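Coordinate analysis (summary)
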Amino acid sequence: MIDLRTINRLRSFESYADEHYCYFNQRNIGGDYKKSSVLYKLINHSYNKNKERRLFNYLLINHKNILIGDIEKIERVIQDILDIYDGENPFFEIIGGKFKLTGLGLEISKIFNYKKFRKDPISKVFFEVINVKSYIYCKAKDISKFELDEKKYERTFNHYLPKVKYPFLSVSMYNLIPVCSFCNNIKGDNEYEPSDFNYPYLNSVDVNTSFVTLNTLREISPFYLSISPNVQNTSYFNLINKLNIIERYYGQYDKIERFFNSAKCCSQHYVESKIRI
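A quick note: this is a predicted structure, and the numbers were derived from the prediction, not measured. (Residues numbered from 1 in each chain as written. Predicted model: local features only at pLDDT ≥ 70, side-chain atom pairs only at ≥ 80, totals over all residues. Heavy atoms only, no water.)

Notes on the overall build of the protein chain
When helices and strands are counted, the protein chain shows 12 helices and 6 strands. Burial status across the protein chain gives 46% buried among its 277 residues. Taking all contacts inside the protein chain whose residues are at least 6 apart in sequence as the whole, residues at least 24 apart take part in 68%. (Helix = DSSP H or I, 4+ residues; strand = E, 2+ residues; numbered from the N terminus. Buried < 20%, exposed > 50% of the residue type's maximum accessible area, 1.4 Å probe, protein only. Contact = heavy atoms within 4.5 Å.)

Take a look at the structure:
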């Protein structure tokens with residue numbers, strides 16, 4: 001588990017926050033906001049309905065907190081917007097057991113455009129700034145150590161607060177969690193409290209994870225996965241269970257077996273460095 005809390009204090013992360021904000025409010029050479037910018041779209045939206053007018057005025061005033069505000073500011077924004085709609089969420093509906101954006105939700109998602117963000121180099125900068133070497137939830141990238149030819153892992157973000165429910169948070173910096181595609185699909189549009197599902201910007205834990213064989217490395221034998229957090233953290237263990245992390249690691253047995261076979265021609269130091277993930 002990577003401790004994203006420490007990132008908040010890094011100067012590079014502060015610089016990235018400014019870059020992230022400016023990216024979504026780009027200006028033309030003449031100084032005017034581009035038509036694709038969040039601010040331009042918010043300014044030029046006109047709604048006849050009173051609640052929608054109040055919503056867009058609120059988004060316009062608070063769009064900086066939405067884009068780069070921490071979790072406390074984000075929670076305040078959510079509550080304020082729900083208050084406009086008398087406690088109801090107007091951005092999604094459930095159709096056939098699945099969450100779907102409403103017309104208003106689709107309109108908001110076009111303003112806070114996640115697809116545009118994913119395709120832009122700015123999303124790669126995010127990974128570089130926080131120096132992610134393995135995915136936040138499951139450390140899945142570390143499994144590639146057991147491949148003779150390491151695969152390139154896609155940069156994927158999970159929205160801790162689902163973008164289908166809160167489309168105005170689709171590109172909020174503190175709502176973007178670098179994860180693998182498996183974790184992203186399993187968590188999906190489920191919404192959890194930080195106390196029930198670890199929120200790494202607020203409550204990360206240092207976790208040592210290792211594969212332990214029951215015999216010597218030169219004799220392929222059953223292994224078990226050892227997970228040893230430095231604190232007893234309920235939200236982290238809930239995360240492990242809900243994302244089926246242990247079962248998924250056991251599903252990599254073939255990769256690990258190939259590694260153990262190759263260990264016969266490797267030094268003990270190299271072997272130990274690979275087993276410890």
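A short note on helix H7 (residues 121–130)
Structurally, the α-helix is built with 3.6 residues per turn, so residues lying three or four positions apart point the same way. Taken together, the buried positions of H7 are Ile122, Ser123, Phe126, Phe127, Val129 and Ile130. Down the axis, H7 shows its buried residues gathered within 165 degrees of arc, on one side only. In H7, the exposed positions angled more than 90 degrees off the buried face are occupied by Pro121 and Glu128. With its phi angle positive at about 55 degrees, Asn131 sits one or two positions after the end of H7. (Arc of directions from axis to C-beta.)

Observations concerning the confidence of the model for the protein chain
Do not read the fine detail of predicted coordinates wherever pLDDT is low. Here the protein chain averages 76 in pLDDT, while 67% of its residues score no lower than 70. When mean pLDDT is compared element by element in the protein chain, helix H4 (residues 71–84) scores highest at 95, while strand E5 (residues 207–213) scores lowest at 49. Within the model, pLDDT remains below 50 along residues 142–153, and this stretch shows 25 contacts once partners closer than five positions in the same chain are excluded. Across residues 210–222, confidence stays below pLDDT 50; counting only partners more than four residues off in sequence or on other chains, it has 35 contacts. (pLDDT = per-residue confidence, 0-100.)

Looking at a negative patch on the surface
A cluster of like negative charges, contributed by Asp70, Glu72, Glu75 and Glu193, occupies part of the molecular surface. Summarising the element assignment, Glu193 is placed in the loop between helix H8 (181–187) and E5. (Patch = residues over 30% accessible without salt bridge, like charges linked within 9 Å, V, L, I, M, F, W, Y side chains within 5 Å. Areas by Shrake-Rupley, 256 points an atom, 1.4 Å probe, with all protein chains shown as cover. Salt bridge = Lys/Arg side-chain N within 4 Å of Asp/Glu carboxyl O. Lys, Arg positive; Asp, Glu negative; His and termini not counted. Charge placed at Lys NZ, Arg CZ, Asp CG, Glu CD.)

Digging into unusual backbone geometry
Positive phi values are uncommon outside glycine, yet Asp86 reaches one of about 55 degrees. Considering the arrangement of structural elements, one finds Asp86 in the loop between H4 and strand E1 (92–95). Looking at Asp86, the relative accessible area reads 61%, which means it is exposed.

Regarding the pairing of strand E2 (residues 98–101)
With 4 bridges connecting them, E1 and E2 associate as antiparallel partners. Bridge pairing in E2 links Ile94 to Phe99. Counting the residues in the hairpin turn of E1 and E2 gives 2 residues, including Gly96, whose phi is positive at 60 degrees. (Pairing = 2+ DSSP bridges.)

Description of the environment of Lys35
Within the fold, Lys35 resides in the loop between helix H1 (11–23) and helix H2 (38–43). Between the C-alpha atoms of Lys35 and Asn25, which are 10 residues apart in sequence, the distance is 9.4 Å. Not counting chain neighbours up to four residues away, the residues in contact with Lys35 comprise Tyr40 and Lys41.

Quick look at the pairing of strand E4 (residues 176–179)
Alternating residues of E4 divide into Leu176 and Pro178 and Ile177 and Val179, and every residue in both groups is buried. Two strands pair when backbone bridges link them, and strand E3 (residues 156–159) and E4 are joined in this way by 4 bridges, in the antiparallel orientation. Bridge pairing in E4 places Asn158 opposite Ile177.

Some words on the side chain of Asn89
Its place among the elements puts Asn89 in the loop between H4 and E1. Within the structure, Asn89 has its side chain in polar contact with the backbone nitrogen of Phe91 (distance 2.9 Å). A polar contact is formed between the side chain of Asn89 and the backbone oxygen of Lys165, at a distance of 3.0 Å. Apart from the residues within four sequence positions on either side, Asn89 is in contact with Leu82, Lys165 and Tyr166. (Polar contact = N/O pair within 3.5 Å; in protein donor to acceptor, adjacent residues only side chain to side chain.)

A few points about the pattern of salt bridges
A side chain of one charge can pair with a side chain of the opposite charge when the charged atoms of the two come close. Going through the model one piece at a time under the given rule, you end up with 3 salt bridges. Here Asp86 and Lys51 are joined by a salt bridge, their closest N and O atoms 3.0 Å apart. Taken together, the positions of Asp86 in the loop between H4 and E1 and Lys51 in helix H3 (residues 50–68) put the pair 35 residues apart, joining distant regions of the chain.

Topic: the packing of aromatic side chains
This structure, assessed with the given rule, holds 14 aromatic pairs. Ring centres of Phe24 and Phe117 lie 6.1 Å apart, and the angle between their planes is 35 degrees; on these two criteria the pair is classed as tilted. With Phe24 in the loop between H1 and H2 and Phe117 in helix H6 (residues 114–119), this pair connects stretches of sequence that are 93 residues apart. For the residue pair Phe24 and Phe117, the accessibility class agrees, reading buried in each case. Ring geometry for Tyr174 and Tyr201: centres 5.1 Å apart, planes at 65 degrees, overall edge-to-face. Taken as a pair, Tyr174 in the loop between E3 and E4 and Tyr201 in the loop between H8 and E5 lie far apart in primary sequence, 27 residues in all. Overall, the relative accessible area of 11% leaves Tyr174 in the buried class. (Phe/Tyr/Trp six-rings, centres within 6.5 Å; stacked < 30°, edge-to-face > 60°.)

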